[in-house]
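Spelled out, the chains give:
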Amino acid sequence: MEIVKTYTEINDAILSLDNGGRFYNIRTKAEDGIISQSELGKLGGIFNDKQKMILFLELSLSELKQTEKEIIISKLDESLRVNYFKYKPQTLLPSEVNEKGILSSNMVLTGIPKLIESKSDFNGFIMIPIMVGKVMTFSLIPLIDNYDVYELRDEKSSETFIIAHSKSSEKLPNEKMTIAGVLKELEENEKGIKKKFLEVIYQIKN
């Protein structure tokens, strides 16, 4: 999981975003008043994942005033603006996700994570594709085998929501934080009962 730097001044945001792209993006120019996908990709270190790019952008602008955000969005080129509205994340409380969350969408959640340390306390599975010869099959793998799994609780409710965080990253602290990722679905048991979880990609510190 990466920590996203948030902007507090609109001029700093525009200067960083309108950066000309990488040296081989000869059609883009720095400080021309237009923010392109290559410029956003350069800033976020993201090459082809448009959904991830928009999540990064939305988080980086999250501390600006709404009017300032709108000014920056108006500077996105046509293609990037289309992707912005396609992948703009939902912002929900952990207690709201099961009812309101849209699968495969970007999502921003704020809450207090508590690590689930024992496999016996969590029995969710994810579908992993496996090639058998030339045939693609799927196998159910415990989510807790591939990720650190947490219950995320918001301050307004005792309800929790499951988030999955890469085992290669540092453990999340048991304190209020804002995280962002993609809402996915797991099999709660081998009978095929489904449940939502958030695959964590980014964090911003509160």
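Structure first, text after, so check above.
Rules used throughout
- Residues numbered from 1 in each chain as written.
- Predicted model: local features only at pLDDT ≥ 70, side-chain atom pairs only at ≥ 80, totals over all residues.
- Heavy atoms only, no water.
- Buried < 20%, exposed > 50% of the residue type's maximum accessible area, 1.4 Å probe, protein only.
- Helix = DSSP H or I, 4+ residues; strand = E, 2+ residues; numbered from the N terminus.
- Polar contact = N/O pair within 3.5 Å; in protein donor to acceptor, adjacent residues only side chain to side chain.
- Axes fitted to C-alpha atoms, helices over the stretch in contact; angles between N-to-C directions.
- Parallel < 35°, antiparallel > 145°, perpendicular 65-115°, else oblique.
- Contact = heavy atoms within 4.5 Å.
- Nonpolar A, V, L, I, M, F, W, Y, C, P; charged D, E, K, R; others polar.
- Phe/Tyr/Trp six-rings, centres within 6.5 Å; stacked < 30°, edge-to-face > 60°.
- Core = buried A, V, L, I, M, F, W, Y, C linked by side-chain atoms within 4.5 Å.

K.L.:
Which residues make up helix 3 (residues 50-60), and what values go with them?
P.N.:
Across the eleven residues of helix 3, nine count as buried, placing the element largely inside the fold. Buried residues of helix 3: Gln-51, Met-53, Ile-54, Leu-55, Phe-56, Leu-57, Glu-58, Leu-59 and Ser-60, and no others. For helix 3, the capping residue at the N-terminal end is Asp-49, with a side-chain oxygen 3.3 Å from the backbone nitrogen of Gln-51.

K.L.:
Kindly report on the packing of helix 4 (residues 66-74) against helix 5 (residues 78-87), identifying the contributing residues and their values.
P.N.:
The relative placement of two packed helices is expressed as an angle between their axes plus a distance between the axes. Orientation of helix 4 relative to helix 5, taken along the N-to-C sense of each, is 135°, at an axis distance of 10 Å. By the criterion of interaxial angle, the relationship of helix 4 to helix 5 is oblique. Listed contacts from helix 5 to Lys-69, Ile-73 and Ser-74 of helix 4 are Arg-81, Tyr-84 and Phe-85. Partitioning the contact of helix 4 with helix 5 into residue classes produces three nonpolar, one polar and two charged.

K.L.:
Describe unusual backbone geometry, listing the residues and the values that go with them.
P.N.:
Backbone geometry at Ser-104 places phi at a positive 75°, although glycine is not the residue there. On the secondary structure map, Ser-104 appears in the loop between helix 6 (97-100) and strand 3 (106-115). Residue Ser-104 is classed as exposed on the basis of its relative accessible area of 54%.

K.L.:
Quick one: what's the story with the packing of aromatic side chains, residue by residue and with numbers?
P.N.:
Tallying each qualifying case throughout the model produces two aromatic pairs. Relative to Phe-85, the ring of Tyr-84 lies with its centre 5.1 Å away and its plane at 80°, an arrangement referred to as edge-to-face. Judged by its relative accessible area of 3%, Tyr-84 falls in the buried class. Residue Phe-85 is classed as exposed on the basis of its relative accessible area of 55%.

K.L.:
Mind laying out the nonpolar core, listing which residues take part and the relevant values?
P.N.:
Leu-57, Leu-61, Ile-72 and Tyr-202 are the most contacted members of the largest nonpolar core, which has 28 residues in total. Residue contributions to this core peak at six residues, all from helix 3. Excluding anything up to four places from it in sequence, Ile-72 contacts Ile-10, Ala-13, Ile-14, Leu-17, Ile-35, Leu-61 and Leu-64. Grouped together as the second largest cluster of nonpolar side chains are 14 residues, Leu-92, Met-107, Leu-109 and Val-200 included.

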